[in-house]
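Each chain, letter by letter, is given below.
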Amino acid sequence: MFRGNKVPWIAGAVLILIFLIGAFALGSKKKKTTPASIPETARALVGSADRARTVIVPPCQTPLQDTVKNARAGKPTPGATTLELPKGKGQRTVLVPHCQPGTGSTTLDGTIPSAAVVLGDTTRRTETEGGIQADGFLARSQLVLSGGASASTIVVPPCTKKGGSKGGDAVLGGGGGSGVAVAPAC
């Protein structure tokens, strides 16, 4: 079989080996989706369940001050999502999805309704490299209701900018004399 010169056979085997190693190296460098590359789709409100609280998420692209004024007066805001969180043990985590103009329905007055998701468990969610992931949402920014905060109503505006809040966290205070704490805009 190897009569004469063995060099072409050795060179061919070496070339095949180089191609196999190259194919293996390129195949292992497939782009993997990491939590850091997934776009943020919500912001999280995290707070103690030491008292009953009301969370109000204003409709997208509406003035925040209108919802705050209505909350202080005890009036509902059209298109707002209002959640009643009962007193209990542990932590409460509420995810507020970002506004997605042009992708959903609108109300009669043209605003985009808001939404919120209350996570079922009462343990503090551990924030992974990418943020809090649950129910198809990713929240890199957290609004933390400080321990002992006296606010009974919390107004959380959804993010409207593309890309959300870029992981900015904020601590919400007690709400002052009105009992209404307002989360900062994204």
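Residues numbered from 1 in each chain as written. Predicted model: local features only at pLDDT ≥ 70, side-chain atom pairs only at ≥ 80, totals over all residues. Heavy atoms only, no water.

## Comments concerning the sheet that holds strand 2 (residues 53–57)
Stated formally: Strands are treated as partners if at least two bridges between them are detected by DSSP. The helix and strand labels rest on DSSP assignments: H or I over at least four residues marks a helix, E over at least two residues marks a strand, and numbering proceeds from the N terminus. A fitted line through C-alpha atoms serves as each axis, taken over the contacting stretch for helices, and the angle formed by two N-to-C directions is quoted from 0 to 180°. When checking whether two residues touch, look at their non-hydrogen atoms; a contact exists if any pair is within 4.5 Å.
Taken together, four strands build an open sheet; the order of strands is 3-2-8-10 and the sheet is mixed. Every interior strand has two partners, whereas the edge strands, strand 3 (81–85) and strand 10 (180–182), have only one. Taking the axes of each pair of neighbouring strands and ignoring which way they run, one obtains an average angle of 20° across the sheet. Here five bridges tie strand 2 to strand 3, and the two strands are oriented antiparallel to one another. Bridge pairing links Ile56 to Thr82 in strand 3. Against the sheet, helix 2 (residues 64–73) engages strand 2, strand 8 (153–155) and strand 10, with an angle of about 170° to strand 8.

## Section: the environment of Pro76
The following threshold applies: In this scheme, a residue with accessible area under 20% of its type's maximum is buried, one over 50% is exposed, and one in between is partly exposed, where area comes from a 1.4 Å probe on protein chains only.
Among the structural elements, Pro76 can be located in the loop between helix 2 and strand 3. What makes Pro76 exposed here is its relative accessible area of 71%. Put simply, Pro76 and Ile56 are 20 residues apart on the chain and 9.2 Å apart in space, counted from C-alpha to C-alpha.

## Structural notes on the state of the cysteines
Counted only if it meets this: By disulfide we mean two sulfur atoms from cysteines, separated by a distance within 2.5 Å.
Per the stated rule, a full pass over the model turns up two disulfides. Across a sulfur-sulfur distance of 1.7 Å, Cys159 and Cys186 are joined as a disulfide pair. Taking the torsion about the S-S bond as the criterion, the Cys159 to Cys186 disulfide, at about -75°, is left-handed. Here Cys159, found in the loop between strand 8 and strand 9 (170–172), pairs with Cys186, found in the segment after strand 10; they are 27 residues apart in sequence, far enough to count as distant.

## A look at the nonpolar core
Let me state the cut-off plainly: To form a nonpolar core, buried Ala, Val, Leu, Ile, Met, Phe, Trp, Tyr and Cys residues must be joined to one another through side-chain atoms within 4.5 Å.
Within the largest apolar cluster, 17 residues are counted, with the highest numbers of intra-cluster contacts made by Leu45, Val55, Val94, Leu143, Ile154, Val156 and Leu172. Grouped together as the second largest cluster of nonpolar side chains are eight residues, Val46, Leu95, Leu119 and Ala134 included.

## Quick notes on helix 2
Given 3.6 residues per helical turn, the α-helix brings residues three or four places apart onto the same face. Applied cut-off: Read the arc as the range of directions from the helix axis to the C-beta atoms.
Those residues of helix 2 not exposed but buried are Thr67, Val68, Asn70 and Ala71. On an axial view of helix 2, the arc spanned by its buried residues comes to 165°, and they lie on one face. Facing away from the buried side of helix 2 by more than 90 degrees, the exposed set consists of Gln65, Lys69, Arg72 and Ala73. Its buried side turned inward, helix 2 meets strand 2, strand 8 and strand 10. Taken from the residues just after helix 2, Gly74 is the one with a positive phi, measuring 80°.

## A closer look at the pairing of strand 1 (residues 42–48)
Across the seven residues that make up strand 1, a large majority, six, are buried. For strand 1 and strand 4 (residues 91–97), the ladder comprises seven bridges, and the chain directions are antiparallel. Bridging across to strand 4, Val46 finds its partner in Thr93.

## A short note on the environment of Val155
Of note, Val155 is situated in strand 8. Separated by 100 residues in the primary sequence, Val155 and Val55 have C-alpha atoms spaced 5.9 Å apart. Contacts of Val155, omitting those with residues within four sequence positions, involve Ile56, Pro58, Leu64, Thr67, Val68, Ala71, Val180, Ala181, Val182 and Ala183.

## Re the environment of Arg92
Put simply, the test is: Polar contact is defined as a pair of N or O atoms within 3.5 Å, subject to the rule that within protein one atom must be able to donate a hydrogen and the other to accept it, and that residues adjacent in sequence are counted only when both atoms are side-chain atoms.
Relative to the helices and strands, Arg92 resides in strand 4. Put simply, Arg92 and Leu145 are 53 residues apart on the chain and 9.9 Å apart in space, counted from C-alpha to C-alpha. Here Pro86 takes part through its backbone oxygen, which lies 2.7 Å from a polar atom of the side chain of Arg92.

## Description of the pattern of salt bridges
Our working definition: We count a salt bridge whenever a side-chain nitrogen from Lys or Arg sits within 4 Å of a carboxyl oxygen from Asp or Glu.
As enumerated under the stated definition, the model contains one salt bridge in all. We note a salt bridge from Asp50 to Arg53, for which the minimum N-O separation is 3.3 Å. The exposure class assigned to Asp50 is partly exposed, which follows from its relative accessible area of 30%. Residue classification places Arg53 among the buried residues on the basis of a relative accessible area of 5%.

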